[in-house]
Amino acid sequence: MHFTIQADNGLPIYEQVVRQFKFAVAEGVLVPGQVVPSVRDLARSLAINPNTVARAYQQLQDENVLTPLLGRGMAVCSGAKQRCWTDRRQLLADRLSAVLDEALRSGLDADSLRSLFDKSLKKVLNSQESH
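What counts as what
Residues numbered from 1 in each chain as written. Predicted model: local features only at pLDDT ≥ 70, side-chain atom pairs only at ≥ 80, totals over all residues. Heavy atoms only, no water. 1 Å grid on protein atoms, 1.4 Å probe; cavity = no way out; pocket = protein on both sides within 12 Å on 5 of 7 lines; lining within 4 Å. Points joined across faces, edges and corners; volume = space filled by probe spheres on them. Helix = DSSP H or I, 4+ residues; strand = E, 2+ residues; numbered from the N terminus. Core = buried A, V, L, I, M, F, W, Y, C linked by side-chain atoms within 4.5 Å. Buried < 20%, exposed > 50% of the residue type's maximum accessible area, 1.4 Å probe, protein only. Contact = heavy atoms within 4.5 Å. Axes fitted to C-alpha atoms, helices over the stretch in contact; angles between N-to-C directions. Parallel < 35°, antiparallel > 145°, perpendicular 65-115°, else oblique. Left-handed = near helix turned anticlockwise from the far one by under 90°. Nonpolar A, V, L, I, M, F, W, Y, C, P; charged D, E, K, R; others polar. Phe/Tyr/Trp six-rings, centres within 6.5 Å; stacked < 30°, edge-to-face > 60°. Arc of directions from axis to C-beta.

Let's shift gears to the layout of surface pockets. Looking at the largest pocket, its volume works out to about 490 Å³. Surrounding the largest pocket, 15 residues form its lining, Thr-4, Gln-16, Arg-19, Gln-20 and Phe-23 being those nearest its centre. Within the residue set of the lining of the largest pocket, elements represented by two or more residues are α1 (13-27) and α4 (80-105). It is α1 that provides the largest number of residues to the lining of the largest pocket, a total of five residues. Together, Leu-96, Val-99, Leu-100, Ala-103, Leu-108, Leu-113, Leu-116, Phe-117, Ser-120, Leu-121 and Val-124 line the second largest pocket. At the level of secondary structure, the elements contributing two or more residues to the lining of the second largest pocket comprise α4 and α5 (110-129).

Okay, the nonpolar core next. In this structure, Phe-21, Leu-42 and Tyr-57 are the most contacted members of the largest nonpolar core, which totals 25 residues. Secondary structure elements with two or more residues in this core: α1, α2 (39-46), α3 (50-62), β2 (73-76) and α4. Per-element tally for this core: the top contributor is α1, with seven residues. What Leu-42 contacts, discounting residues up to four positions off in sequence, is Phe-3, Val-17, Phe-21, Pro-37, Val-53 and Tyr-57.

Interhelical geometry of α1 versus α3 gives an angle of 45° and a closest axis separation of 8 Å. Overall, the two elements α1 and α3 adopt an arrangement that is oblique. Of the two possible hands of crossing, α1 and α3 adopt the one that is right-handed. Residue-level inspection shows Ile-13, Tyr-14, Glu-15, Val-17, Val-18, Phe-21 and Lys-22 of α1 in contact with α3, the latter providing Thr-52, Arg-55, Ala-56, Tyr-57, Gln-59 and Leu-60. Grouping the amino acids of the contact of α1 with α3 by side-chain chemistry returns eight nonpolar, two polar and three charged.

Next up on the list: the environment of Leu-113. By the secondary structure assignment, Leu-113 is in helix α5. Judged by its relative accessible area of 13%, Leu-113 is buried. Separated by 76 residues in sequence, Leu-113 and Pro-37 have C-alpha atoms that sit 42 Å apart. If we skip the residues at most four places from it in the chain, Leu-113 touches Leu-100, Ala-103, Leu-104 and Leu-108.

A few words now on the packing of aromatic side chains. Summed over all chains, the structure comprises two aromatic pairs. Ring centres of Phe-21 and Tyr-57 lie 5.5 Å apart, and the angle between their planes is 85°; this geometry places the pair in the edge-to-face category. Note that Phe-21 is positioned in helix α1 and Tyr-57 in helix α3, a separation of 36 residues in sequence. Of the two residues examined, Phe-21 and Tyr-57, each falls in the buried class. What links up through ring pairs into an aromatic cluster is the set Phe-3, Phe-21 and Tyr-57.

What follows covers α2. Restricting attention to buried positions, one finds in α2 the residues Leu-42, Ala-43 and Leu-46. Seen along its axis, α2 keeps its buried residues to an arc of 100°; they face one direction. Away from its buried face by more than 90 degrees, α2 exposes Arg-40, Arg-44 and Ser-45. Here the buried face of α2 lies against α1 and α3. The positive-phi residue at the C-terminal boundary of α2 is Ala-47, with phi of around 55°.

If you want it as structure tokens, here you go:
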């Protein structure tokens, strides 16, 4: 499990942790029953405040992604993969909608957007193929 924090991406750090957990569960990198790093361990590895990790873990617990294990920490809930997959899809759809809205308000038309999207998608796919 490898998470990264980007202080300049506009999202609060705890939200970045939440999203990365959800994405990891959705992809099967984290599986139901798997114990996740302690608050202190994750905070140390990400070089962030433990309170930030605790806030993220609390949100993940509230959303039935993580469950406390008496004396052992936190683990991924059963059924979390489907919830996280749905959440990930919605998060990405919301971000895409926001970008499209901004582009339309800036004067781009639908054909220009499609062309820009196609070029960007090809660039990303080519970049991933080379890794």
